[in-house]
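Report on the structure
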Amino acid sequence: MLDQLIVPVFQAPMAGVSNPVLAAAVTNAGGLGALGFGASTWTEAEAAMNAFRAISEGPVHVNFFCHEEPKRDSAIEKSWIRRFNKEFEILCISPPTALANPYDSSQRDEQLIDFARTYTPETISFHFGLPNGNIVEALKSNGTNVLTSVTNLNDAMSALDAGTDGLIAQGIEAGGHLGTFDARHDDAMSTKDLVAELKRLIDVPIIAAGGIMTGADIQEMLSSGAVACQLGTAFLLCPEASTNADYRHQIKQANSNDTVITRAISGRAARGIKNRITHIGAATSSGDIPDYPISYDLAKHLNAIATEQGVSGYGAYWAGTGVAEARETAASALVATLAQELAAVRTEAVR
Ligand SMILES: Cc1cc2nc3c(=O)[nH]c(=O)nc-3n(C[C@H](O)[C@H](O)[C@H](O)COP(=O)(O)O)c2cc1C
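What counts as what
- The numbering scheme is per chain: residues are counted from 1 as the chain's sequence reads.
- Local features are withheld for residues below a pLDDT of 70 in this predicted model, meaning they are given only at 70 or higher, and side-chain atom pairs are given and counted only at 80 or more; totals for whole chains, interfaces and linings count all residues.
- Each helix is a run of H or I in the DSSP string that is no shorter than four residues. Each strand is a run of E no shorter than two, and both are numbered from the N terminus.
- For the radius of gyration, the atoms used are the C-alpha atoms, and the globule rule reads 2.2 Å times the number of residues raised to 0.38.
- Residues with at least 20 neighbouring C-beta atoms inside 10 Å of their own are called buried, those with 12 or fewer are called exposed, and the rest are partly exposed, where every C-beta is derived from the backbone.
- A residue pair is marked as a contact if its C-beta atoms, positioned from the backbone, fall within 7 Å.
- Pairs of strands are assigned from DSSP output, requiring at least two bridges between the strands.
- Each axis is a line fitted through C-alpha atoms, taken for helices only over the stretch in contact, and angles between the N-to-C directions span 0 to 180 degrees.
- In these notes, a nonpolar core means any group of buried Ala, Val, Leu, Ile, Met, Phe, Trp, Tyr and Cys residues linked to one another through C-beta atoms within 7 Å.
- Residue ranges for the domains trace back to a domain assignment, done automatically or taken from a database.
- Nearness rests on one distance test: the residue's C-beta atom, set from the backbone, must lie within 6 Å of the molecule or strand.
- Under the convention adopted here, Pro, Cys and the residues Ala, Val, Leu, Ile, Met, Phe, Trp and Tyr are nonpolar, Asp, Glu, Lys and Arg are charged, and Gly plus all remaining residues are polar.
- Helix span is expected to be 1.5 Å times the residue number reduced by one.
- To sort the angles, those under 35 degrees are grouped as roughly parallel, those over 145 as roughly antiparallel, those from 65 to 115 as roughly perpendicular, and the leftovers as oblique.
- The crossing is said to be left-handed when, going from far helix to near helix, the turn is anticlockwise and less than a right angle, and right-handed when the turn is clockwise.
- The arc in question is the one spanned by the directions pointing from the helix axis to the C-beta atoms.

Turning next to the overall build of the protein chain. On a plain count of helices and strands, the protein chain comes out with 13 helices and 11 strands. Computed over its C-alpha atoms, the radius of gyration of the protein chain comes to 19 Å, within 12% of the 20 Å expected for a compact globule of 351 residues. When its C-alpha atoms are laid out on the principal axes, the protein chain stretches across 60 × 45 × 40 Å. The burial tally for the protein chain puts 52% of its 351 residues in the buried class. Residue pairs at least 24 apart in sequence account for 68% of intrachain contacts in the protein chain once pairs closer than 6 positions are excluded.

This is how it looks when you write it as structure tokens:
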């Protein structure tokens, strides 16, 4: 898995933010570029793979969501919509009458197998769990390296039982959704503690994720037992990323206290920059929030209308606790800088 990498840096797959140009820039610079297909259609995923292969001959990592399908509850969903009445008033629009499921889980989607055979991504990772055993077996027998994000020891053990080749150890500092298998479970392990604990107990490659922004951070994770690090927030200001202008502006203003873990945007715990929706979520018990990803439908709807009107404050601007250290530089330059910083810390350590 790591033989082709010059730098032990995985760019995180980020649905909506990663794209073939960013992924290819990272891979071509010696890291591992990634594409997040959790919210994509198969046609979109295929087009992205073709676009990546057209500009890079190197490896790519692709990612899918394996959440439990949501339990629909119209009473909870209607009451959730009502909580946003004031926001709809501010935006001068009528609230939706119902919510929809924005995308399906890949848990049982056998099309994953055909996709892997046709496009041969070197690595496939899953978030929120793993697909069923037949799919994992078929991917592995196709030579694909199968990874899963985990945020706790129980999920790590289940992932190993299910045949995962390695674990992405995602700590509480991470931007985006926590990959915890059970949506009701709350985890709070730091990336470093999680990596060290997993290293003590298991014997598969561990990729550290969460709050890693510099070469020194990477070295700290390697010293704790990781073989590589997955960075998301660090890439958000790269010009190649699909981060929109308002998102970029907020990242540049933010410090680590401006990020919060909320279920209110999507229905699952995720870390992002505070906004009007996270504010409402802070006053809501999680049982009142529709299941993931049904809540996301409301958040996406509100944000689409607000964006049309030039109003900020509703975007799902996922970012980790390291947000203030995000660097506005080309992805290839960022990978090179991380490599230099890592080399410098190592040299310092042997002196
Ligand atoms: C904007 C954004 C979107 C993300 N989307 C995904 C995703 O689609 N799939 C996934 O497995 N992880 C996703 N993540 C989480 C990353 O894989 C990774 O765990 C996280 O970025 C590490 O923390 P950091 O942001 O502090 O580097 C996302 C993270 C961010 C910041």
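Turning our eyes to something else, we now look at the sheet that holds strand 5 (residues 145-150). With parallel pairing, the 8 strands of this open sheet are ordered in space as 1-9-8-6-5-4-3-2. Edge strands, defined here as strands with exactly one partner in the open sheet, are strand 1 (9-11) and strand 2 (33-36). Taken over all neighbouring pairs, the strand axes of this sheet differ in orientation by 25° on average, direction set aside. Where strand 6 (residues 166-170) and strand 8 (residues 206-209) come together, 4 bridges link them in parallel fashion. By the bridge assignment for strand 8, Q170 is matched with A209.

All right, on to the nonpolar core then. Formed by 101 residues in total, the largest nonpolar core has its most connected members in A169, I207, A208 and C229. Of the residues forming this core, the biggest block, 6 residues, is contributed by helix 12 (residues 294-308). When we break this core down by domain, the ones giving at least three residues each are domain 1 (1-69 + 104-240) and domain 2 (72-102 + 244-329). Those residues within four positions of A169 in sequence are excluded, and the remaining contacts are V150, T191, L194, V195, L198, I206, I207, A208 and A209.

So, on to the domain arrangement of the protein chain. By domain assignment, the protein chain separates into domain 1 (1-69 + 104-240) and domain 2 (72-102 + 244-329). On a C-alpha basis, the centres of domain 1 and domain 2 stand 24 Å from each other.

Looking at where T27 falls in the secondary structure, it is placed in helix 1 (residues 20-28). Separated by 308 residues in sequence, T27 and V335 have C-alpha atoms that sit 9.3 Å apart. When residues no more than four places from it in sequence are discounted, the contact partners of T27 are L32, G33, S56, G58, P59 and V60.

Strand order in the open sheet formed by 3 strands is 7-11-10, with antiparallel pairing between adjacent strands. Because the sheet does not close on itself, it has two edges, and the strands there are strand 7 (176-177) and strand 10 (259-262). Taken together, the 4 bridges between strand 10 and strand 11 (residues 270-273) define a ladder with antiparallel strand orientation. The residue of strand 11 that forms the bridge with T259 is I273.

A few words on the site of the ligand. Around the ligand, 28 residues are found, and the nearest of them are G36, G175, G176, G232 and G320. Across the shell around the ligand, the residue classes tally to 12 nonpolar, 15 polar and 1 charged. Counting the residues that make up the shell around the ligand, at least three belong to each of domain 1 (1-69 + 104-240) and domain 2 (72-102 + 244-329).

A rise of 1.5 Å per residue sets the reference length of helix 2 (residues 42-55), with its 14 residues, at 20 Å; its end C-alpha atoms lie 20 Å apart and thus fit the reference within 8%. Taken together, the buried residues of helix 2 touch helix 1, strand 2, strand 3 (60-65) and helix 5 (111-119).

To continue, consider the pairing of strand 11. Here strand 7 runs beside strand 11; their pairing, made up of 2 bridges, is antiparallel. Each residue of the ladder has a partner; that of H177, found in strand 11, is A270.

For the pair helix 8 (residues 191-201) and helix 9 (residues 215-224), the least separation of the axes is 8 Å and the interaxial angle reads 25°. With respect to each other, helix 8 and helix 9 are oriented roughly parallel. Note on packing geometry: the crossing formed by helix 8 with helix 9 is right-handed. On helix 9, the residues touching T191, K192, V195, A196 and K199 of helix 8 are E220, M221 and S224. A breakdown of the residues in the contact of helix 8 with helix 9 according to their chemical character gives 3 nonpolar, 2 polar and 3 charged.

The end-to-end C-alpha distance of helix 13 (residues 331-350) is 29 Å, a good match for the 28 Å that 20 residues give at a rise of 1.5 Å each. Regarding helix 13, the residues found buried are A331, L334, V335, L338 and L342. Looking straight down helix 13, one finds that the buried residues subtend no more than 100° of arc, so they occupy a single side. Facing away from the buried side of helix 13 by over 90 degrees, the exposed positions are Q340, T347 and E348. Looking at the packing, one finds that the buried side of helix 13 touches strand 1, helix 1 and helix 9.

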